[in-house]
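# Overview (structure and organization)
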Amino acid sequence: VQLVESGGGLVQPGGSLRLSCLASGFTFSSYDMSWYRQAPGKERELVAGITSAGDYTNYADSVKGRFTISRNNVKNSVYLQMISLKPEDTAVYYCNARLRTFARMYDYWGQGTQVTVSS
């Protein structure tokens, strides 16, 4: 199982970035996908989530209206479009795949990609 994030980097306040997460080794279309982030000295927090079919999304209040999560089940990928970035968005962003069955929960994480918002 692999989740490989890309697209992070340094951007000025007000700028935009698009993160991508490429999945392999599991049935991507069966999994709910999420983006989390962790800033220095803070706990990891949920940023956005999308259901396996892509029919429902949810967002942290701090990013509503600025971030958009989407997925492509043919390309085994999930994306996070970020606009109007703020310095407080600076964090390592992680891709997460989760599947709950009757018997157990499957939970996979990527290695993270750094997003730095600074002038």
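The following paragraphs examine the structure supplied in this document. (Residues numbered from 1 in each chain as written. Predicted model: local features only at pLDDT ≥ 70, side-chain atom pairs only at ≥ 80, totals over all residues. Heavy atoms only, no water.)

Right, let's talk about the environment of N96 for a bit. Within the element layout of this structure, N96 appears in strand β9 (residues 91-100). Since its relative accessible area comes to 1%, N96 is described here as buried. With 61 residues separating them along the chain, N96 and W35 place their C-alpha atoms 6.1 Å apart. Polar side-chain contacts of N96 include one of 2.9 Å to the side chain of D107. Separated by 3.1 Å, the side chain of N96 and the backbone oxygen of Y108 make a polar contact. (Helix = DSSP H or I, 4+ residues; strand = E, 2+ residues; numbered from the N terminus. Buried < 20%, exposed > 50% of the residue type's maximum accessible area, 1.4 Å probe, protein only. Polar contact = N/O pair within 3.5 Å; in protein donor to acceptor, adjacent residues only side chain to side chain.)

This brings us to the state of the cysteines. Under the criterion given, the structure shown has one disulfide. Note that C21 is cross-linked by a disulfide to C95, the S-S spacing being 2.1 Å. Between C21 and C95, the S-S torsion sits near -85°, and that sign places the bridge as left-handed. Of this pair, C21 sits in strand β3 (residues 17-24) while C95 sits in strand β9, and the two are 74 residues apart along the sequence. Taken as a pair, C21 and C95 share a single burial class, namely buried. (Disulfide = S-S within 2.5 Å.)

This model, assessed by the stated rule, comprises five salt bridges. Taking the shortest distance from any N to any O, the salt bridge between E45 and R37 comes out at 2.7 Å. Given the relative accessible area of 35%, E45 is considered partly exposed. The buried category is assigned to R37, whose relative accessible area is 6%. (Salt bridge = Lys/Arg side-chain N within 4 Å of Asp/Glu carboxyl O.)

With that settled, the discussion passes to the packing of aromatic side chains. By the definition in use, this model includes five aromatic pairs. Between F26 and Y31, the ring centres sit 4.7 Å apart and the planes meet at 65°, which makes this aromatic pair edge-to-face. Here F26 and Y31 have matching classes, each one buried. What links up through ring pairs into an aromatic cluster is the set F26, F28, Y31 and Y108. (Phe/Tyr/Trp six-rings, centres within 6.5 Å; stacked < 30°, edge-to-face > 60°.)

The next thing to look at is unusual backbone geometry. Although it is not a glycine, N76 adopts a positive phi angle of roughly 55°. Note that N76 resides in the loop between β7 (67-72) and β8 (77-82). Not every positive phi belongs to a glycine, and S84 is a case in point at roughly 50°. Position of S84 among the secondary structure elements: in the loop between β8 and β9. By relative accessible area, S84 is classed as partly exposed at 37%.

This brings us to the pairing of β7. Every second residue of β7 is oriented toward a common face, the buried set being F67, I69 and R71 and the non-buried set T68, S70 and N72. As judged from the six bridges shared by β7 and β8, these two strands associate in the antiparallel manner. Bridge assignment links F67 to a residue of β8, and that residue is M82. Hairpin geometry of β7 and β8 is characterised by an intervening segment of four residues between the two adjacent antiparallel strands and by a positive phi of about 55° at N76. (Pairing = 2+ DSSP bridges.)

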